[in-house]
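Commentary on secondary and tertiary structure
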Amino acid sequence: MKVLKFGGTSVGSVENITNVKNIINDGNKKIVVLSAMSGTTNSLVDIANDIKVLNNDKALKDINALHEKYVPVIDALLSDKSLNDVTKTYISERFNFLVECTYKPFSKVMENEILAQGELMSTFIFNSFLQQEGINSSLLSALDFMKIDAYKEPSFNYIKENLNTVLNSANNSEIYITQGFICLDNNGEISNLQRGGSDYTATIIGAAIKAEEVQIWTDIDGMHNNDPRFVEGTKPISDLSFDEAAELAYFGAKILHPQTVLPVREDGIPVSLKNTMEPSAKGTSITGNHFETGIKAIAAKDNITAIKIKSGRMLQAHGFLKKVFEIFETYETSIDMITTSEVAVSLTIDDDRNLEQIISELESFASIEIDRNQSIICLVGHAIVDHEGTHKLFKILKDVRIRMISYGGSRNNISLLVDTENKIKTLQKLNSYLFELVTL
Ligand SMILES: Nc1ncnc2c1ncn2[C@@H]1O[C@H](COP(=O)(O)OP(=O)(O)O)[C@@H](O)[C@H]1O
Ligand SMILES: N[C@@H](CC(=O)OP(=O)(O)O)C(=O)O
């Protein structure tokens, strides 16, 4: 069986929802994972923030405005009176729940419940639409099987067992629809797989059922060789290895949630990235195979903090790095990039929640410099550190100040750290040096 995930844009308009119906209606049994309609989760984040700061008037205004966006979509999709009524009643219940939240004390659990409403609504509407179109579908609640543990990792045994139970209970259906993004936490409360997490839902399900393939349907024809939001003339990549896709997703290629390929890599379950608006386009196929060598793609990750740790005693002092790493481990903060010299080590983190405590511990044996608002620019491709064309990237040194370079950590990744204000220029310049046939 295949797992197909459709993102926010794919379920964000009547036209696109109709495209999704046409794509999935091919007579094969499948699991369909849906995100919230585009813009909904952002609105829900705003509503939760308003409730948190007791700005209830603004929250109520936003709840009403969002509700009003759903009504015409339901009317356009559902001409069947009884399905239209049932669906509108369900959607009103979801919005009533949001209104009730404005009268209650805010909590993290409430925030997660608020964020879950988008996927609950999109899947209900889509299932009603399929029923109207005579397609044999069932709506499965992700909260009946999707669970994370105390470390926010998927609880695979629980997921497999419970997913099998719900699939068996709807055995006669051709299409199973379920919510992306949402899950239960280890206390059994509603939680989520972080923003963009529906991709991750799809591959977790794919791994749990040993799917034939996972397809991620979005609004672009696959993974491009650079970020199309900032660089003109980017091109889709037809094939990526799991390793290359994992690096790109982790280092900011927004098309994929950072953890997407991890669940399927071990079993070699292929992942395809496809365009809902152009289903015949080839897209990107992610498998265990490595194809050509050389730099394939560039991505950027923001909100990085660089920490320089300088100590006279680092020179020839074994155990120094151990001491440094133990502090980061104590504060559960992972390190992305690291470079060293005889007297200093520079490293980067993307989670600065415990930065103050980390600095105060480091200062007991070293002097510390902090650079905020940094971006990691990541260049990915099979065996790029050995490739004859890779030297071209160093032309970037004449254009922008590079704070750190990580080369050789793996054969498939070279990372540069730049001020975020130079990110777009760096992406654009690298694009011309590496992917455009120009003599510079
Ligand atoms: N390297 C890249 N290749 C393709 N798309 C990218 C890349 N980097 C960023 N994007 C952006 O990712 C978007 C798709 O991801 P996302 O918005 O999460 O889609 P969805 O809502 O379908 O999950 C594209 O519209 C594109 O702007
Ligand atoms: N709706 C969630 C989960 C998600 O995956 O969305 P999308 O597929 O549109 O990126 C979010 O906006 O974060």
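Residues numbered from 1 in each chain as written. Chains lettered and ligands numbered in written order. Predicted model: local features only at pLDDT ≥ 70, side-chain atom pairs only at ≥ 80, totals over all residues. Heavy atoms only, no water.

1. Description of the packing of helix H4 (residues 81-101) against helix H5 (residues 108-132)
Put simply, H4 and H5 touch, their axes get as near as 10 Å, and they point 175° apart. On the basis of their axis angle, the class for H4 and H5 is roughly antiparallel. Here H4 contributes Leu83, Val86, Thr87, Tyr90, Ile91, Arg94, Phe95, Phe97, Leu98 and Cys101 to the contact with H5, which in turn contributes Met110, Glu113, Ile114, Gln117, Leu120, Met121, Phe124, Ile125, Ser128, Gln131 and Gln132. For the contact of H4 with H5, a count of residues per class yields 14 nonpolar, five polar and two charged. (Axes fitted to C-alpha atoms, helices over the stretch in contact; angles between N-to-C directions. Helix = DSSP H or I, 4+ residues; strand = E, 2+ residues; numbered from the N terminus. Parallel < 35°, antiparallel > 145°, perpendicular 65-115°, else oblique. Contact = heavy atoms within 4.5 Å. Nonpolar A, V, L, I, M, F, W, Y, C, P; charged D, E, K, R; others polar.)

2. Thoughts on the sheet that holds strand S13 (residues 344-349)
Here we have six strands laid out as an open sheet, ordered S12-S13-S11-S14-S16-S15, and antiparallel in their pairing. On the outer flanks of this sheet lie strand S12 (335-340) and strand S15 (404-410), each paired with one strand and no other. Ignoring which end each strand starts from, the neighbouring axes of this sheet average 30° apart. Two strands pair when backbone bridges link them, and strand S11 (residues 297-310) and S13 are joined in this way by six bridges, in the antiparallel orientation. Bridging across to S13, threonine 305 finds its partner in isoleucine 349. Packing against the sheet, helix H11 (residues 355-362) makes contact with S11, S13 and strand S14 (367-380), and its axis sits at approximately 120° to S14. (Pairing = 2+ DSSP bridges.)

3. Describing the nonpolar core
Grouped together as the largest cluster of nonpolar side chains are 101 residues, with contacts concentrated most on Phe6, Ile24, Phe126, Phe145, Met223, Leu256 and Ile286. Here the element with the most residues in this core is H5; it accounts for 11 residues. Leave out the neighbours within four places in its chain, and isoleucine 24 touches Leu4, Phe6, Lys30, Val32, Phe126, Leu130 and Ile175. Membership of the second largest hydrophobic core comes to 20 residues, among which are Ile295, Ile298, Ile384 and Val418. (Core = buried A, V, L, I, M, F, W, Y, C linked by side-chain atoms within 4.5 Å. Buried < 20%, exposed > 50% of the residue type's maximum accessible area, 1.4 Å probe, protein only.)

4. Observations regarding the UniProt feature "binding site: ATP" (unreviewed entry) in the protein chain
With numbering matched to this structure, UniProt assigns "binding site: ATP" (unreviewed entry) to Lys5, Phe6, Gly7, Gly8, Thr218, Asp219 and Arg229. Along the chain, glycine 8 falls in the loop between strand S1 (2-6) and helix H1 (14-24). On the basis of relative accessibility, which here comes to 18%, the residue glycine 8 falls in the buried class. The contacts of glycine 8, once residues within four sequence positions are left out, are Ser35, Ala36, Met37 and Ser38. Here arginine 229 is to be found in the loop between strand S7 (213-218) and strand S8 (239-241). Once residues within four sequence positions are removed from consideration, arginine 229 is found in contact with Gly252 and Lys254. (UniProt positions renumbered as here; feature names shortened; annotations may be inferred.)

5. Focus: the side chain of threonine 102
Following the sequence through the fold, threonine 102 ends up in the loop between H4 and H5. The class of threonine 102 is buried, set by a relative accessible area of 4%. From its side chain, threonine 102 meets the backbone oxygen of valine 99 in a polar contact 2.5 Å long. The residues touching threonine 102, leaving out its near neighbours within four places in the chain, are Ile51, Asn56, Ala59, Leu60 and Ile63. (Polar contact = N/O pair within 3.5 Å; in protein donor to acceptor, adjacent residues only side chain to side chain.)

6. Description of the pattern of salt bridges
Per the stated rule, a full pass over the model turns up 22 salt bridges. Measuring nitrogen to oxygen at the nearest pair gives 2.7 Å for the salt bridge that ties lysine 88 to aspartate 75. Separated by 13 residues along the polypeptide, lysine 88 in helix H4 and aspartate 75 in helix H3 (residues 56-77) bring together distant segments of the chain. For lysine 210, the salt bridge goes to aspartate 267, with nearest N and O atoms at 3.2 Å. Here lysine 210 is found in the loop between helix H7 (198-208) and S7, whereas its partner aspartate 267 is found in the loop between helix H9 (262-265) and strand S9 (271-275), with 57 residues between them in sequence. Residue classification places aspartate 267 among the partly exposed residues on the basis of a relative accessible area of 39%. Through salt bridges that share partners, Asp50, Lys58 and Asp62 make up one connected network. (Salt bridge = Lys/Arg side-chain N within 4 Å of Asp/Glu carboxyl O.)

7. Observations concerning the site of ligand 2
Taken together, Lys5, Gly7, Gly8, Ser35, Ala36, Thr41, Glu119, Phe181, Arg195, Gly196, Gly197 and Ser198 are the residues near ligand 2. Within the contact set of ligand 2, an oxygen atom lies 2.7 Å away from a backbone nitrogen or oxygen of glycine 196. Glycine 197 is positioned with one of its backbone polar atoms (N or O) 3.4 Å from an oxygen atom of ligand 2. (Near = heavy atom within 4 Å.)

8. Considering the packing of aromatic side chains
Counted under the stated rule, the structure contains six aromatic pairs. Here the aromatic rings of phenylalanine 6 and tryptophan 217 are separated by 5.8 Å at their centres, their planes lie at 20°, and the arrangement is stacked. Taken together, the positions of phenylalanine 6 in strand S1 and tryptophan 217 in strand S7 put the pair 211 residues apart, joining distant regions of the chain. Note on phenylalanine 6: relative accessible area 0%, which makes it buried. By relative accessible area, which is 4% here, tryptophan 217 ends up buried. Judged by centre distance (4.0 Å) and plane angle (5°), the rings of tyrosine 90 and phenylalanine 124 are stacked. Of this pair, tyrosine 90 sits in helix H4 while phenylalanine 124 sits in helix H5; the two residues are 34 residues apart in sequence, bridging distant segments of the chain. Each of the two residues, tyrosine 90 as well as phenylalanine 124, counts as buried. The cationic tip of lysine 147 hangs over the ring face of tyrosine 158; the distance from NZ or CZ to the ring centre is 5.1 Å. Across from the ring centre of tyrosine 250, 3.8 Å away, lies the NZ or CZ of lysine 301, which sits over that ring. (Phe/Tyr/Trp six-rings, centres within 6.5 Å; stacked < 30°, edge-to-face > 60°. Lys NZ or Arg CZ within 6 Å of the ring centre and 35° of its normal.)

9. With respect to the site of ligand 1
In the neighbourhood of ligand 1, 16 residues make up the surrounding shell, with Lys5, Thr218, Asp219, His224 and Lys254 lying closest. Aspartate 219 is positioned with one of its side-chain polar atoms (N or O) 2.8 Å from an oxygen atom of ligand 1. Histidine 224 is positioned such that a nitrogen or oxygen atom in its backbone is 2.8 Å from a nitrogen atom of ligand 1. In the complex, 86% of the free accessible area of ligand 1, which totals 570 Å², lies under the protein chains. Among the residues making up the shell around ligand 1, the classes are represented as four nonpolar, seven polar and five charged. (Areas by Shrake-Rupley, 256 points an atom, 1.4 Å probe, with all protein chains shown as cover.)

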